[in-house]
Amino acid sequence: MIDIGVSDRVFVLTGAGVSAESGLPTFRGAGGLWRGYRVEDVASPVAWARDPLMVWQFYSMRRKAHRGKQPNPAHLALAKLEKALGERLFLCTQNVDKLHEQAGSRRVVHMHGRLFQSRCDRCDRPPFDDENCYEDHVPRCDCGGQIRPHICWFGEMPYELERIARELERCTVFMAVGTSGVVYPAAAFVAQARASGKQRVRTYYVGPEEPANRALFNECFLGKAGESLPRLFHWSQLSAISV
Ligand code: APR
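Within each chain, residue numbers correspond to sequence positions counted from 1 in written order. Local features in this predicted model are restricted to residues of pLDDT 70 or higher, and side-chain atom pairs are both shown and tallied only at a pLDDT of 80 or more, whereas totals for entire chains, interfaces and linings draw on every residue. With hydrogens and water set aside, each side-chain value is computed from the structure's full complement of heavy atoms.

A. Representation of the side chain of Thr179 within the structure. Secondary structure counts use DSSP, requiring at least four H or I residues in a row for a helix and at least two E residues in a row for a strand, with both numbered from the N terminus. Tracing the backbone through its elements, the reader meets Thr179 in the loop between strand 7 (173–177) and helix 9 (189–195). Here's how the labels work: a residue is buried when its accessible area is under 20% of the maximum for its type, exposed when over 50%, partly exposed in between, all with a 1.4 Å probe on protein chains only. For Thr179, a relative accessible area of 12% translates into the label buried. Within polar-contact distance, the side chain of Thr179 engages the side chain of Gln94 at 2.9 Å. Beyond its immediate sequence surroundings of up to four residues, Thr179 is in contact with Leu13, Gly15, Gln94, Tyr205 and Pro211. Definition of a polar contact: a pair of N or O atoms within 3.5 Å, with one able to donate and the other able to accept a hydrogen when the atoms are protein atoms, and with sequence-neighbouring residues admitted only if both atoms are side-chain atoms. Any two residues having at least one pair of non-hydrogen atoms within 4.5 Å are treated as being in contact.

B. Highlighting the domain arrangement of the chain. Reported domain spans reflect what an automatic or database domain assignment gives. As far as domains go, the chain holds domain 1 (10–24 + 70–112 + 158–240) and domain 2 (30–68 + 116–151). On the domain 2 side, the residues contacting the 9 residues of domain 1 number 9 residues. The largest share of the area that domain 1 buries against domain 2 comes from Val96, Lys98 and Tyr159, three residues that together contribute 60% of it. The rule for a salt bridge is simple: a side-chain nitrogen of Lys or Arg has to be within 4 Å of a carboxyl oxygen of Asp or Glu. Put simply, domain 1 and domain 2 have 1 salt bridge between them. Close ionic contact of Lys98 with Glu131 constitutes a salt bridge, the shortest N to O distance being 3.0 Å. By buried area we mean the combined loss of accessible area, with a 1.4 Å probe, across both parts when two parts are placed together.

C. Broad picture of the sheet that holds strand 9 (residues 219–222). Here we have 6 strands laid out as an open sheet, ordered 3-2-1-7-8-9, and parallel in their pairing. Each of the sheet's edge strands pairs with one partner strand only, and the pair in question is strand 3 (108–110) and strand 9. The sheet shows a mean angle of 20° between the axes of neighbouring strands, direction not considered. Bridge count for strand 7 against strand 8 (residues 202–207) is 5 bridges, and the pairing is parallel. Note that in strand 8 the partner of Val173 across the bridge is Arg202. Axis definition: a line fitted to C-alpha atoms, limited for helices to the stretch in contact. Angles are taken between N-to-C directions and run from 0 to 180 degrees. Helix-sheet contacts for helix 6 (residues 73–85) involve strand 1 (10–14) and strand 2 (89–93), and the interaxial angle to strand 2 is about 150°. By the convention used here, strands pair only if DSSP detects at least 2 bridges between them.

D. Expanded view of the site of the ligand. Taken together, 22 residues lie around the ligand, and Arg28, Trp34, Thr179, Ser180 and Glu209 are the ones closest in. In this structure, Gly17 approaches the ligand through a main-chain N or O atom, which is 3.3 Å from a nitrogen atom. Separating an oxygen atom of the ligand from a side-chain N or O atom of Thr179 is a distance of 2.7 Å. Using a 1.4 Å probe, accessible areas were evaluated by the Shrake-Rupley method; residue-level cover was limited to the displayed protein chains. About the coverage of the ligand: the protein hides 91% of its 740 Å² of free accessible area. Class assignment of the residues belonging to the shell around the ligand gives a composition of 9 nonpolar, 9 polar and 4 charged. We call a residue near a molecule or strand as soon as one heavy atom of that residue lies within 4 Å of the molecule or strand. Three classes are used: nonpolar for Ala, Val, Leu, Ile, Met, Phe, Trp, Tyr, Cys and Pro, charged for Asp, Glu, Lys and Arg, and polar for all others, with Gly counted as polar.

E. Summary view of the sheet that holds strand 5 (residues 128–129). Pairing is antiparallel across the open sheet formed by 3 strands, whose spatial order is 5-4-6. The sheet is open, and its two borders are formed by strand 5 and strand 6 (147–151), each paired with just one other strand. Sheet topology places strand 4 (residues 113–120) next to strand 6; 4 bridges connect them, and they run antiparallel. Within strand 6, the residue paired with Cys120 across the bridge is Ile147. With respect to the sheet, helix 5 (residues 52–66) is in contact with strand 4 and strand 6, its orientation differing from that of strand 4 by roughly 140°.

Written out as structure tokens, the structure is:
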């Protein structure tokens, strides 16, 4: 169990594993997306420059795959945690899906972008909601640029890193859920939280196997997120300290 007190600030980092039980594939495991596609063909600025239609076909496939998917008990538990802790919970996801939002989480930071947003690759027009699938053409912006998925590709800078760094600095509990711990900078967040120095930070991992950065976690709860996460918190205690 994870004890959360009135003065705790909780940073949660989620990865593809949190959505696995909802039927969305992870990237690196058996059946993972990177087993069927080459990153450099579909998720990099080079791929976009070389074959934008192939890139859109990949993200259109993922938009379609998301249809009808529902949040699982892990997403619901994190939404419930937000209700109890308010702004003392910071939920940062590497996932581009919208299952955290569907579960009721209101303040999710999507450091790798959002599957259902697009943006222009040329002008400053902000990212916009876009549910469309583009399988036979690449959409164009009014400025003449090409519309691309609002996704942080390999070789690009993740979003909101300054805000994330501030939260890592002040959290007292750090929890990673369903992430292999091999993709940076997210894989270094646990080290950043521990380095903040103000006080001892408790660090936890939840997932069926140990992540690559296991050594940095005080405790590893081995199991599927949907099964273990809802049982990790003292909900009655949390409702007593709820905001
Ligand atoms: N519950 C919790 N964790 C699970 C579950 C489950 N039911 N099923 C699988 N996992 C775990 C796996 O054990 C693995 O450690 O989820 C992790 C998934 O790892 P990856 O596929 O590497 O996904 P992730 O860590 O989110 O990848 C990070 O890499 O390709 C990029 O941008 C992409 O955001 C992604 C980033």
